Amino acid sequence: MKRCLFILLLCAWLAPAQAHKPSDSYLSLAVHGQQIEGQWDIALRDLDFAIGLDGNGDGALTWDEIRARHEAIAAYALQRLQVASDQGVCPLKAVEQLIDHHTDGAYSVLRFQASCPGAAPASLAIGYTLFADLDPQHKGLFKINSGGNTQTAIFDPDSPRQTISLAAPERLAQFGAYVKHGVWHIWIGYDHILFLLSLLLPAVLLPGLREQQRGLKAAFVDVLKVVTAFTLAHSITLSLASLSLVSLPSRWVESAIAASVILAALNNLLPLFRGKRPVAAFAFGLIHGFGFASVLRDLGLPQGSLLASLLGFNVGVELGQLAIVAAFLPLAWLLRKTWLYRQVLTVGSLAIALVACVWLVERLADIKLISA
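Computed from a prediction, not measured in an experiment: that's the story for all the values here.

Basis of the calculations
- Residues numbered from 1 in each chain as written.
- Predicted model: local features only at pLDDT ≥ 70, side-chain atom pairs only at ≥ 80, totals over all residues.
- Heavy atoms only, no water.
- Pairing = 2+ DSSP bridges.
- Helix = DSSP H or I, 4+ residues; strand = E, 2+ residues; numbered from the N terminus.
- Axes fitted to C-alpha atoms, helices over the stretch in contact; angles between N-to-C directions.
- Parallel < 35°, antiparallel > 145°, perpendicular 65-115°, else oblique.
- Left-handed = near helix turned anticlockwise from the far one by under 90°.
- Contact = heavy atoms within 4.5 Å.
- Buried < 20%, exposed > 50% of the residue type's maximum accessible area, 1.4 Å probe, protein only.
- Expected span 1.5 Å × (residues − 1).
- Bend = angle between axes of the 7 residues up to and from the residue.
- Disulfide = S-S within 2.5 Å.
- Polar contact = N/O pair within 3.5 Å; in protein donor to acceptor, adjacent residues only side chain to side chain.

(A) Summary view of the sheet that holds strand 7 (residues 123-128). The strand order across the open sheet built from 4 strands is 4-3-7-10, with neighbouring strands paired in antiparallel fashion. The sheet terminates laterally at strand 4 (88-89) and strand 10 (161-165), the two strands that pair on one side only.

Quick look at the structure:
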């Protein structure tokens, strides 16, 4: 009875978890002297939640429903974007609206123009508050091209205003922004976290002997092997996918990630990997790397900027991952002899496997059951 209650509580805690990709929009500006051309890709699901696009309430958006709300979409978005030069505000004007598909679904493509007062600006102050009152985790992935130079930045409710120097691109700031985004991305990537934790749970126990505990040094070495294998693998495919050298359908990647969580959790109940958890971490880490790459690939950066963004993002993912490990290992070591840890290892692993099974069905069938 206690085990069933534990499973129900854990599943209830995990149920609101989102699928891998969080709420992002993609904002691009091209500066030509005083004139600015912009394109803003915003997820239709986010716009539907914010201003309502589904006219008949049937849960399916049609082109006619979206077109009927073009004026509302443009007004809502452009009221939440401010662009100003050192000479004053650059008024924004909607020009065209289209539909495009990113790795996580359909997006409204809002194209707009702006004309800045005075001479060609040396810098632009950007204010971004899209969905700030609705989703504190929303990110605006920003790209600006001026004079052949491309820069990137990331906007969120904690950093809604940034000044971009057009004359002297701030590469270090761009790198730092993607380090931060990488940390955030791993922390809200519930499927990645559950996969990693499922592999780490047995680290403080002797292989095949759940009732006996490893020494701290041996546990640390075991964790190091698993994390290193996972890091090497997803770094390889993250780089290959972000550089467009290898491409896999997002739906199958996300489904394979869910399957990897199931197998990693079941390994704690049945000896599927038989002491080869680092090998499993490497094999499945190759798939997880394609999941990480979706953000950078959707932004569509040119090679020069992509390399810096890729490096920063990967560093951030590793820092976020190390923070999780640093929190896990001491706690697991302290609790390794307790009844609670045995329940987490067995019942918790079963709960993780059940939730990942639902994720797998959702992603294969493209339906929503428990994901937010």
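(B) Fine view of the packing of helix 6 (residues 190-200) against helix 8 (residues 250-266). One way to put it is that helix 6 packs onto helix 8 with a least axis distance of 8 Å and a crossing angle of 25 degrees. The angle between the axes of helix 6 and helix 8 places the two elements in the roughly parallel class. Once helix 6 is placed against helix 8, the crossing between them reads as left-handed. The segment helix 6 lies against helix 8, with Asp191, His192, Leu194, Phe195, Ser198 and Leu199 engaging Glu254, Ile257, Ser260, Val261, Ala264 and Ala265.

(C) View of the environment of serine 198. Tracing the backbone through its elements, the reader meets serine 198 in helix 6. When its relative accessible area of 0% is taken as the criterion, serine 198 is described as buried. For the pair serine 198 and asparagine 267, spaced 69 residues apart in sequence, the C-alpha separation works out to 8.2 Å. Not counting the four nearest positions on each side in its chain, serine 198 is found in contact with Ala264, Ala265, Asn268 and Ile352.

(D) How the structure looks around helix 11 (residues 339-365). Across its 27 residues, helix 11 extends 38 Å between first and last C-alpha, which sits within 8% of the 39 Å expected from 1.5 Å per residue. The axis of helix 11 is deflected most strongly, by about 30 degrees, at glycine 348.

(E) Representation of the sheet that holds strand 6 (residues 105-115) within the structure. Pairing in this open sheet of 6 strands is mixed, and the strands run 5-6-2-1-8-9 from one edge to the other. Among the strands making up the open sheet, the edge pair consists of strand 5 (92-102) and strand 9 (149-155). Across the sheet, the axes of successive neighbouring strands diverge by a mean angle of 15 degrees, strand direction being ignored. Sheet analysis places strand 1 (residues 24-32) next to strand 2 (residues 35-43), joined by 8 bridges and oriented antiparallel. Bridge assignment links alanine 30 to a residue of strand 2, and that residue is glutamate 37. Of the strands in this sheet, strand 2, strand 5 and strand 6 are in contact with helix 2 (residues 44-51), which crosses strand 2 at around 85 degrees. Contacts from helix 5 (residues 171-187) reach strand 1, strand 8 (139-146) and strand 9, with the element oriented near 40 degrees to strand 9.

(F) Focus on the state of the cysteines. One pass over the full model with this rule turns up 1 disulfide. Between cysteine 90 and cysteine 116 runs a disulfide, and the two sulfur atoms are separated by 2.1 Å. A torsion of 105 degrees about the S-S bond marks the disulfide between cysteine 90 and cysteine 116 as right-handed. Here the residue cysteine 90 occupies a position in the loop between strand 4 and strand 5, and cysteine 116 occupies one in the loop between strand 6 and strand 7, the gap between them amounting to 26 residues.

(G) Here's a closer look at the side chain of glutamine 151. Counting through the fold element by element, glutamine 151 comes out in strand 9. Residue classification places glutamine 151 among the buried positions, given a relative accessible area of 7%. A distance of 2.7 Å separates a polar side-chain atom of glutamine 151 from the backbone oxygen of serine 165.

Interpretation in functional terms is not warranted from these geometric data alone.
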